[in-house]
Amino acid sequence: MKQNFKINYPNSEKVYISGTLFPDIKVGMRRVSLMPTVTVHEGRKITTANAPVLVYDTSGPYSDPNIRINLANGLPKLRQDWMPGRKGTQHYYARHGIITPEMEYVAIRENMDNAAHGITSYITPEFVRQEVAAGRAVIPCNHRHPEAEPMIIGNRFRVKINTNIGNSALSSNLEEEVEKAVWSCKWGGDTLMDLSTGQHIHETREHILRNSPVPVGTVPLYQAFEKVNEKIRDLSWEVYRDTLLEQCEQGVDYFTIHCGIREKNVHYALNRLTGMVSRGGSIISSWCDIHHEESFLYTHFDDICDICRQYDVAISLGDGLRPGSIHDANDQAQFAELDTMGELVQRAWDKDVQVFIEGPGHVPMHKIRENVEREKEKCHQAPFYTLGPLVTDIAPGYDHITSAIGAAMIGWMGTSMLCYVTPKEHLALPDLEDVRNGIIAYKIAAHAADIAKGFPGASIRDDALSKARYDFRWIDQFNLSLDPERARAIYEAANPHQGQFCTMCGPNFCAARISHGLCQEREEKH
Ligand code: SF4
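These numbers come from a predicted model, not from an experiment.

Colleague: Can you walk me through the overall build of the protein in this structure?
Modeller: On a plain count of helices and strands, the protein comes out with 19 helices and 15 strands. In summary, the protein has a C-alpha radius of gyration of 24 Å against a globular reference of 24 Å for 526 residues, a match within 12%. Principal axes of the C-alpha set define a box for the protein whose edges measure 85 × 55 × 45 Å. Looking at the protein as a whole, 57% of its 526 residues are labelled buried. Looking at the protein alone, contacts between residues at least 24 apart form 72% of all its contacts between residues at least 6 apart. With an accessible surface of roughly 21,900 Å², the protein has 53% of that area assigned to carbon and sulfur atoms.

Colleague: Help me understand a nonpolar patch on the surface, please; the structure alone is not making it clear to me.
Modeller: Residues Met365, Tyr398, Ile401 and Ile405 make up a contiguous nonpolar surface patch of roughly 400 Å² in combined accessible area. In this fold, Ile405 is placed in helix 14 (residues 399–412).

Colleague: Whenever I open this one, the packing of aromatic side chains confuses me. Can you help?
Modeller: In this description, a pair of aromatic rings is defined by centroid distance and the angle of the planes. One pass over the full model with this rule turns up 14 aromatic pairs. Pairing Phe127 with Phe157 gives two aromatic rings, centres 5.8 Å apart and planes at 55°, and the pair type is tilted. Linking Phe127 in helix 3 (residues 125–133) with Phe157 in the loop between strand 7 (153–154) and strand 8 (160–165), this pair joins segments that are 30 residues apart in sequence. Summarising the burial analysis for this pair, Phe127 and Phe157 share the class buried.

Colleague: Can you help me understand the nonpolar core in this one?
Modeller: Here is a general trend for soluble globular proteins: nonpolar side chains tend to be buried in one another's company. Core analysis: the largest hydrophobic core is formed by 114 residues, its most contacted members being Tyr240, Ile315 and Leu317. Counting 16 residues, the second-largest nonpolar core is a separate cluster that includes Met103, Val106, Val128 and Val132.

Colleague: Looking at this structure, how should I read the sheet that holds strand 11 (residues 254–257)?
Modeller: Neighbouring strands of a sheet are bound in pairs by backbone hydrogen bonds; such pairs are parallel or else antiparallel. Strand order in this closed barrel of eight strands is 8-9-10-11-12-13-14-15, and the pairing throughout is parallel. Neighbour-to-neighbour, the strand axes of this sheet turn through a mean angle of 25°, independent of strand direction. The sheet contact formed by strand 10 (residues 216–218) and strand 11 spans two bridges and is parallel. Counterpart to Thr218 in the pairing with strand 11 is Phe255.

Colleague: Mind showing me how you'd approach the side chain of Thr243 here?
Modeller: With respect to the helices and strands, the residue Thr243 is situated in helix 7 (residues 237–250). Setting aside its immediate chain neighbours within four residues, Thr243 contacts Pro220, Gln223, Ala224 and Lys227.

Colleague: I would appreciate a short explanation of the side chain of Thr415 in the present structure.
Modeller: As for its position among the elements, Thr415 is in the loop between helix 14 and strand 15 (417–419). Of the residues examined, Thr415 reaches a relative accessible area of 0% and is grouped as buried. With near-sequence residues (within four places) excluded, Thr415 lies in contact with Val159, Val372, Phe384, Tyr385, Thr386 and Ile410.

Colleague: Any chance you could explain the packing of helix 7 against helix 11 (residues 301–311) here in plain terms?
Modeller: Helix-helix packing is described using two parameters, namely the angle between the two axes and the distance between the axes. Remark: helix 7 packs on helix 11, axes separated minimally by 10 Å, with the N-to-C direction vectors making an angle of 10°. It follows that helix 7 is roughly parallel to helix 11 by the angle criterion. Here Trp237, Tyr240, Arg241, Leu244, Leu245, Cys248 and Glu249 of helix 7 come into contact with helix 11, specifically with Asp303, Ile304, Ile307 and Tyr311.

Colleague: Which parts of the structure should I look at to understand the pattern of salt bridges?
Modeller: Any two side chains of opposite charge can pair if their charged atoms end up close together. Applying the stated criterion to the full structure yields 38 salt bridges. Taking the shortest distance from any N to any O, the salt bridge between Arg136 and Glu131 comes out at 2.8 Å. Accessibility expressed as a relative area gives 4% for Glu131, which makes it buried. A salt bridge links Lys424 to Asp434, with the shortest nitrogen-to-oxygen separation between them at 2.6 Å. Of this pair, Lys424 sits in the loop between strand 15 and helix 15 (432–453) while Asp434 sits in helix 15; the two residues are ten residues apart in sequence, bridging distant segments of the chain. The exposure class of Lys424 is partly exposed, given its relative accessible area of 24%. Residue class for Asp434 comes out buried when judged on its relative accessible area of 8%. Three or more residues joined by partner-sharing salt bridges are found here, namely Lys186, Glu433, Arg436, Asp483, Glu485 and Arg486.

Colleague: Hey, could you run me through the packing of helix 12 (residues 332–350) against helix 13 (residues 368–378) in this one?
Modeller: It is the contact of helix 12 with helix 13, at a shortest axis distance of 9 Å, that shows an interaxial angle of 30°. Between helix 12 and helix 13, the angle falls in the class roughly parallel. Our pair here, helix 12 against helix 13, has a crossing hand that is right-handed. Counting all contacts with helix 12, which are made through Gln334, Phe335, Leu338, Asp339 and Gly342, the residues of helix 13 involved are Glu370, Asn371, Arg374, Glu375 and Lys378.

Colleague: Would you take a moment to explain unusual backbone geometry for this structure?
Modeller: Excluding glycine, most residues fall at negative phi; most peptide bonds, likewise, are trans. A cis geometry characterises the amide bond from Pro360 onward to Gly361, with omega recorded as 5°. In this fold, Gly361 is placed in the loop between strand 13 (355–359) and helix 13. Even without being a glycine, Asp312 presents a positive backbone phi close to 60°. Within the secondary structure, Asp312 is located in the loop between helix 11 and strand 12 (314–317).

Colleague: Quick question: what am I supposed to make of the environment of Arg486 here?
Modeller: With respect to the helices, strands and loops of the structure, Arg486 is situated in helix 18 (residues 484–494). With 124 residues separating them in the primary sequence, Arg486 and His362 have C-alpha atoms 29 Å apart. Residues contacting Arg486, with those up to four places away along its chain left out, are Glu433, Arg436 and Asn437.

Colleague: Even after reading the chapter, I still don't get helix 15, so can you show me in this structure?
Modeller: Each turn of an α-helix holds 3.6 residues, which means side chains three or four residues apart point in the same direction. With 22 residues, helix 15 should cover 32 Å at 1.5 Å per step; its first-to-last C-alpha distance of 31 Å lies within 8% of that length. The backbone nitrogen of Glu433 has a side-chain oxygen 3.1 Å away, supplied by the residue at the start of helix 15, namely Asp431.

Colleague: Help me out: how do you make sense of a negative patch on the surface in this one?
Modeller: Together, Glu42, Glu521, Glu523 and Glu524 give the surface a local cluster of negative charge. Following the sequence through the fold, Glu524 ends up in helix 19 (residues 511–525).

Colleague: Where do I start with the sheet that holds strand 1 (residues 12–18) in this structure?
Modeller: Spatial ordering of the open sheet is given by 1-2-5, a layout of three strands whose pairing is antiparallel. This sheet does not close on itself; its edge strands, each paired only once, are strand 1 and strand 5 (53–55). Averaged over all pairs of adjacent strands, the angle between their axes in this sheet comes to 45°, without regard to strand direction.

Cut-offs and rules
- Residues numbered from 1 in each chain as written.
- Predicted model: local features only at pLDDT ≥ 70, side-chain atom pairs only at ≥ 80, totals over all residues.
- Heavy atoms only, no water.
- Helix = DSSP H or I, 4+ residues; strand = E, 2+ residues; numbered from the N terminus.
- Rg over C-alpha atoms; globule rule 2.2 N^0.38 Å.
- Buried < 20%, exposed > 50% of the residue type's maximum accessible area, 1.4 Å probe, protein only.
- Contact = heavy atoms within 4.5 Å.
- Areas by Shrake-Rupley, 256 points an atom, 1.4 Å probe, with all protein chains shown as cover.
- Patch = residues over 30% accessible without salt bridge, like charges linked within 9 Å, V, L, I, M, F, W, Y side chains within 5 Å.
- Salt bridge = Lys/Arg side-chain N within 4 Å of Asp/Glu carboxyl O.
- Phe/Tyr/Trp six-rings, centres within 6.5 Å; stacked < 30°, edge-to-face > 60°.
- Core = buried A, V, L, I, M, F, W, Y, C linked by side-chain atoms within 4.5 Å.
- Pairing = 2+ DSSP bridges.
- Axes fitted to C-alpha atoms, helices over the stretch in contact; angles between N-to-C directions.
- Parallel < 35°, antiparallel > 145°, perpendicular 65-115°, else oblique.
- Left-handed = near helix turned anticlockwise from the far one by under 90°.
- Expected span 1.5 Å × (residues − 1).
- Polar contact = N/O pair within 3.5 Å; in protein donor to acceptor, adjacent residues only side chain to side chain.
- Lys, Arg positive; Asp, Glu negative; His and termini not counted.
- Charge placed at Lys NZ, Arg CZ, Asp CG, Glu CD.

In structure tokens, the structure reads:
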């Protein structure tokens, strides 16, 4: 395991904003310093300073030069002192009118320096409490994962993105998966799901959890399946329950549970073009078929909630019957499962368990709105968390793009979290470069949705980057971008003589340069 593993961003420093209700809270952000704008007026060079820009930061202690990190020991336990005396979940406290440190933390994190910009924001700690109490937002934070920085999933907040990592029986190893987790945090993943199968599931998850500053989700059915030697018939509630407890104890923050599958609905998926495409969904549907019984995930849902409540593990109701092609989108199988999820949401809330809803998958653009509206109606406005959706099926190798188009639309329409897709989707297990490409595609989708939703302060960074671009402050343009390294490398490879134009149009056709000249001429005339 690497020593002092760090994340560096160009011209950036780690800064913290303290809490008011809880003064010991320190919410980390990234401050990007900018160069001044230089203009010439009547032959004189005039320099005007540009204010630094704060950026929402998911890199945790990895980008703080004052914290030494050893992956073998894990991250500092940020929330450890917040835990003593904890009696319930965030939902429990919210319903009882109590603001927790996590609620103030996320309020500060969502707003960043909006107040300094004179931007009014509706997001206060009390607003966070109300949204959590109503079940419209979730703060996934297992008491046993104190390394995680609180974040919130809800449609009145910034749209979040999830990344999937984890080894399979055929590729990847433990160290690589931890590095992928840190890599995901570097590029902006808000949560990550460890979808490991194959050997060493427990050990891999332990290392990921201890080194993850973001909430970690899993699909416990995968490990239960390994425990019965991948024999569907042998799966049982007892094996599943023990797996849940094992993962709760380790600190997993949310579980995808495919409990919306009812025996009576499975046949709807069998006549589709692409059947079932959810691993968990296909396993549990086969179990129902073999045993001619209702799934134990459904019949033991209240027991599952009792376990999750003890640790404040959120439940992500998995869409086991999600469509696997645009042909199958919005069909009877998908919507029958959604109806069951609506019933389960209410049962989770009755036990103070935080819950959100997973959604598809593959949906053509004209069918996306129906998904969001139906989810809100049937699931009582619990947060929606969708995989893409891919809006066409003809671009394997580019599915981070086909799905980011759908993700931007569904985020704008009210989805709270977007599960990323990499270029390797449908083809192979992603490597580090695929993770980076998938995350950036999804950061674009989520941010575009925030702007379209009118999220307070969402376009501060856009405006600063646009001004840098128009000023020919190339370095600032790179540093404000989602992927500064790539932007800079592309520019430098093509522009050996850096100046007030680039090779896109050349000096004489550079519209920005011509526009500047026009402004200067006008000024001199008047
Ligand atoms: S040359 Fe074209 S692309 Fe490049 S800076 Fe000028 S206007 Fe922009």
